[in-house]
Every structure is written in structure tokens, then in C-alpha cells.
Amino acid sequence: MELSLESDAEALWQDALDLLAAQQRLPESVLAMLRNCTPVSMEGGTLRLTTPMRLVLKTVSKNAATVEECLTQAAFEPMRLDISFAPAQSAPPAPAASSSMSREEAAAWLAETEPAAAPRTPRSIAEDTWDERRSEEARAEEARRRRERNPLVEDISEATSKLTFGRFVRGDENDIAYQAALQVANGMNSTYNPLFIYGKSGLGKTHLLRAIQNYVARNDPSRLCVYRDASSFITDYTEAMRHSERSAASVLRQNYADIDVLIIDDIQKMAGKAGTVGFFFDTFNELIGNGKQIVLAADRTPAQLGMGKDGFDERVTSRLGSGFTTPIQVPSYELKLRLIETFCERMREDAERENVPALSGTVPEGAMSYMAELAGTNIRVIEGFCQRCLFAATAAEGRGGEIAHEEIEAIAKECWPSSMRTVSIEDVQRAVEKYYDIDHTSLVGNKRHKGLMEARHVAIWLSRELCDRTLADIGAHFGGRSHATIMHSIGVVDEAKRSDKAFYDRLMTIRESITGNL
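What counts and how
- Residues numbered from 1 in each chain as written.
- Predicted model: local features only at pLDDT ≥ 70, side-chain atom pairs only at ≥ 80, totals over all residues.
- Heavy atoms only, no water.
- Helix = DSSP H or I, 4+ residues; strand = E, 2+ residues; numbered from the N terminus.
- Buried < 20%, exposed > 50% of the residue type's maximum accessible area, 1.4 Å probe, protein only.
- Contact = heavy atoms within 4.5 Å.
- Areas by Shrake-Rupley, 256 points an atom, 1.4 Å probe, with all protein chains shown as cover.
- Pairing = 2+ DSSP bridges.
- Axes fitted to C-alpha atoms, helices over the stretch in contact; angles between N-to-C directions.
- 1 Å grid on protein atoms, 1.4 Å probe; cavity = no way out; pocket = protein on both sides within 12 Å on 5 of 7 lines; lining within 4 Å.
- Points joined across faces, edges and corners; volume = space filled by probe spheres on them.
- Nonpolar A, V, L, I, M, F, W, Y, C, P; charged D, E, K, R; others polar.
- Expected span 1.5 Å × (residues − 1).
- Polar contact = N/O pair within 3.5 Å; in protein donor to acceptor, adjacent residues only side chain to side chain.
- Parallel < 35°, antiparallel > 145°, perpendicular 65-115°, else oblique.
- Left-handed = near helix turned anticlockwise from the far one by under 90°.

How should the overall build of the protein chain be read in this particular structure?
Within the protein chain, the regular secondary structure consists of 24 helices and eight strands. The buried share among the 518 residues of the protein chain stands at 42%. Partitioning the intrachain contacts of the protein chain with sequence separation of at least 6 by distance along the chain shows that 73% fall at a separation of at least 24. Looking at the protein chain as shown, the accessible area adds up to about 28,200 Å², and 50% of this sits on carbon and sulfur atoms.

So what exactly am I meant to see when it comes to the sheet that holds strand E2 (residues 46-51) here?
Whenever strands of a sheet pair, they do so through backbone hydrogen bonds, lying parallel or antiparallel. Sheet architecture is open: three strands sit in the order E1-E2-E3, paired in mixed fashion. In this open sheet, the two edge strands, each paired with only one partner strand, are strand E1 (38-43) and strand E3 (80-85). On average, each strand axis in the sheet is inclined to that of its neighbour by 25°, with strand direction left out of account. For E2 and E3, the ladder comprises six bridges, and the chain directions are parallel. Within the sheet, the bridge partner assigned to leucine 47 lies in E3 and is leucine 81. In this fold helix H1 (residues 8-23) packs onto E1 and E2, with an angle of close to 110° to the strand it touches most, E1. Packing against the sheet, helix H4 (residues 64-75) makes contact with E2 and E3, and its axis sits at approximately 130° to E3.

Got a minute to help me understand the layout of surface pockets in this structure?
Regions of empty space are outlined by a rolling probe, equal in size to a water molecule, passed over the atoms. Of the volumes computed, that of the largest pocket is approximately 1,400 Å³. Pro27, Asn63, Asp220, Ser222 and Arg223 are, among the 42 residues lining the largest pocket, the residues nearest its centre. Looking at the lining of the largest pocket, the elements with two or more residues in it are helix H2 (28-35), helix H3 (54-62), H4, helix H6 (125-149), helix H8 (175-185) and helix H9 (205-219). Among the elements that take part in the lining of the largest pocket, H6 stands out by supplying six residues, more than any other. Grouping the amino acids of the lining of the largest pocket by side-chain chemistry returns 14 nonpolar, 16 polar and twelve charged.

Even after reading the chapter, I still don't get helix H24 (residues 501-515), so can you show me in this structure?
Three- or four-residue spacings in an α-helix give side chains the same orientation, since the helix completes a turn every 3.6 residues. A rise of 1.5 Å per residue sets the reference length of H24, with its 15 residues, at 21 Å; its end C-alpha atoms lie 21 Å apart and thus fit the reference within 8%. The complete set of buried residues in H24 reads Phe503, Asp505, Arg506, Leu507, Met508, Ile510, Glu512, Ile514 and Thr515. Buried residues belonging to H24 abut strand E4 (195-198), helix H13 (302-305), strand E8 (324-327), helix H19 (425-436), helix H21 (450-466) and helix H23 (483-499). Between a side-chain oxygen at the N-terminus of H24 and the backbone nitrogen of alanine 502 the separation is 3.1 Å; the capping residue is aspartate 500.

Hey, could you run me through unusual backbone geometry in this one?
Among all residues except glycine, the phi angle is most often negative; among peptide bonds, the trans geometry is most common. Of note, the amide linkage connecting asparagine 193 to proline 194 takes the cis form, showing an omega dihedral of 5°. On the secondary structure map, proline 194 appears in the loop between H8 and E4.

What's the story with the packing of H19 against H24 in this structure? I'm lost.
Helix-helix packing: each pair is described by the crossing angle between the helix axes and the interaxial distance. The geometry of H19 relative to H24 is characterised by a closest axis approach of 10 Å and an angle of 130° between their N-to-C directions. By the angle between their axes, H19 is oblique relative to H24. For H19 against H24, the interelement crossing comes out right-handed. Residue-level inspection shows Val428, Ala431, Val432, Tyr435 and Tyr436 of H19 in contact with H24, the latter providing Arg506, Thr509, Ile510, Ser513 and Ile514. Residues of the contact of H19 with H24, tallied by class, amount to seven nonpolar, two polar and one charged.

Could you clarify how one ought to interpret the sheet that holds E4 in this entry?
Strand order in the open sheet made by the five strands is E5-E6-E7-E4-E8, with parallel pairing throughout. The open sheet terminates on both sides in strands that have one partner only, identified here as strand E5 (225-229) and E8. Adjacent strand axes in the sheet meet at a mean angle of 15°, parallel and antiparallel pairs treated alike. Those strands touched by helix H10 (residues 230-242) are E5 and strand E6 (261-265), and its axis lies near 95° from that of E5. Sitting on the sheet, helix H12 (residues 274-289) is in contact with E6 and strand E7 (293-298), with an inclination near 140° to E7.

Put into C-alpha cells, the structure is as follows:
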């Protein structure tokens, strides 16, 4: 007798299904669809499945990343999933077996040996998928009702709809934040909760937050996703508290609780507003406790949000940092060049499509390289800079020439006028005092606790870096410190910025705030 052995593809697929069921990462309806798939081969790190149902193909493809994670766990090596549509084939009729019974005798024998039962009608593919389609329709209808009754859910404007993952320009400075945001959007990583993205203004935080909102709206509309900036969140709370009917506050809490993905931008604006922070803290805990996703953005880290007299309470900052915290850093020359190339190309394509001849020209490669050298770090300003340079390049083409470096310099000076001014030691001191929330006397005095020492070292290093002054002049502005003391502070910062990435980010944030590239 020949034994029918289970193939490697079948064994791996069954192990993956067991893992998916145990981890409860997918709805039961999706698991049922997965069980309907047939493993046909496994080679080169790829498991190939087929399905006779188009709805199953679409749903499994949407959840492929989650399935691939479990395949990788089951195979103990990286695995990919490849699923294709294979129309069901009608089974050929079985060959008639020879029999000595007449038709009447066979009918009588069947009547005696088979118990009475309701006739079974073969189910068609359409009938097999009917329950799933009905379930999908029910979920869609429930999501529609939830959106209609929750005033926090707003329509996505045309401008906001363009802020997608596909239009985000990536580089080393922002790639971790990009990957984290994408995994949150497609539900691949539930451990990134909350996802906290920080960085100075104009680096792309809002683009990533809106990309999450757009992704969820287009790919998983059953999840209610709400974007609010901190100002809107504050307004929601204060208006509810002022309302004559105290039930308004309760309704607001219910509305925020009935959200699957809550996104709040510029959360640092809540500092000093104890009532709003308290409401946010309660909302945060309720959503996290119910397995909902929270995404936050700020101009500083959770720990830094707790600094100063108006800083967040430690219980709040600890919760903010309890998920995945990632920075977006200021763009390097390479990322600036990539941004400029992308912006100029998109603007030219838009101009051709919308028939705007004034922006239909081309900025030469050399000109874009020079633009990157002069550009500041605010990406929104860089985009405006590109538009003006493209306009000038189009005009130059009309004259039979190319945009000149002098024209680029003139536009850059208008876009970043403060970058051309001279920085004073007093400018540096004010920026450091504001960042560390200390007064001038403490900065230049003799107190030596850790927070003050870092601020003082940073201020001295930045004074040497940005100001055209001697070390003796710098020492005089810091309580008459000696040349050796100033050199010591500079050495401390030089060493720390090489070995401590978080310190380097703080240093660059303060530097950029001084040079005015905002």
C-alpha cells in the first residue's frame, strides 16, 4: 500500500495557520478564508497558494504581511507568500463501475441501506462566498454608522489626500519613522503603541501622520481613524467643559473612546493646560486598554515634554514613551538634494497636466546641487524654494538660457533671510535658556548640578561654533571663565556629540533654532 505523505508546503501552511489562530491577529472570517487556500509549492523562500475565490485572493493579499510573519516563525527562515487565483475545475464524472444489479434492484438497495436525510445540494462558489460578503457588507455598514454619529471624524480634503506614504521622500534621517508609521497604518506591528514621532517643525512629521490617516481610510475603512492637532483637541475639551449641559463632556469622552486610530499632532501645545492633559491621559488609557492605536507627534521627546514649570506630569510622559519613540532629524545635503529633485519633477508634471506654462521648465542638475547647498532644513520652505527656482528656470529657458547661480542665491536669501545674519553670544544664550528652561543667572553662574552643566557646555560650544568671537570674549560672557575652562566645555561637547546620539540631536535642534532655519 502506498502512503500519502504531507508535502512540505502543506505542513508549513498548516503550522502557519495554527500560529495565526493562536495569536488571534486576524478576524475569524479571514482565518476561514486562509483555510480555503491550497498550498501548491514551496521553493526559494516562497510559499505559493491558490484559491478559487476572488474575494479570498483580495483579502489574503491585503493581510499578506501578517501571514508572512507567521510563515517565517513556522519555517525558522524568512518566507514570502505568493497567492494566485485558480478557477475551480468541474470534476470529471467517475467511470461507471460494472454491476450485475439492475437499476431497479440498485434503487431498492439504496433505499434500504441509506438513512432518510434531507437531499444535499452541492454549494457553488457564489454560495460559499455569500456569508463572507454579507459579513463584509455588515462591517462596512457598521463603520458607516460609526462615522456618521461621531463628529470627530472629518472628510479628508484634496490637499490632505496627497500626503501619502508614496509621496514621502525618504532618507536616513526619517526612514525609521517612515517604516514605523507604515507598520502602524497597515496593522503589522501592534507593539508600536503609542507611536511617538518627534522632531523640529517642518521635517515631515505631519506628512507621516496624514499618510497613516489616508492609508487607513483607503485600505481599511472599517477602522475609524481621527487626526487632530493639539489645538483642536484643546478646543474640543474646553468647549465641552463650558457647555451648559454637563452631558457634553460625557458625549465627548464617548466620541473619543469610539475611535480605532487616534492621531494627535503637536502635542507639546497641551503643556500647562492641566484639564486638557488630564482628559488626554484618561482617553489615552481607555484607548490603549481597548487595544486601539494611538499616534503622537511633538517637537521634542516625551522626557523633554516633562521639563520646566509647565511640563507634563511624569505619569503622562512615562505613558507617552511606553510604545515606540522615533525621531525625524534635519535633512542632510543628500536628502535635501533628493527633496529638491522630487519637488521640481512633481511641480513640472503638475504644470504640464494643469497647463501652467510658467512652471513647465527644467532646473538643471548643477543648479539643483547648488540649491541643496544653500537650502535650510525646513522641508515646507524647501518646497516653496523649489517652486520659485522652477519659475525662474522656466523664464530663463524662455530667454534661451539657464537659471544662474546668482538667481538661486537671491531666492535662497529671501527664503532663509535669518541664515545670513550674524549670530551673537546673547542669541546663543537666549536659545539655550529657552530650551533648558533656565534663567540667565543660572546659565552663567557657578552652580554645578547636571542639568545646568549640560546647558552651560552647550551654550559655550555653540558660541564658539556660530559666533565670530575669541575664546576670551566667550569666557567673559559666561561669568568671566578662563580660556582653559572654555576649552574644557568645548571638549566635553565634542566628545558627547560623537558618542551620544540623543545629545547630538538636542545640540542640532538648538543650533537650528539659533540659525533661524525654521
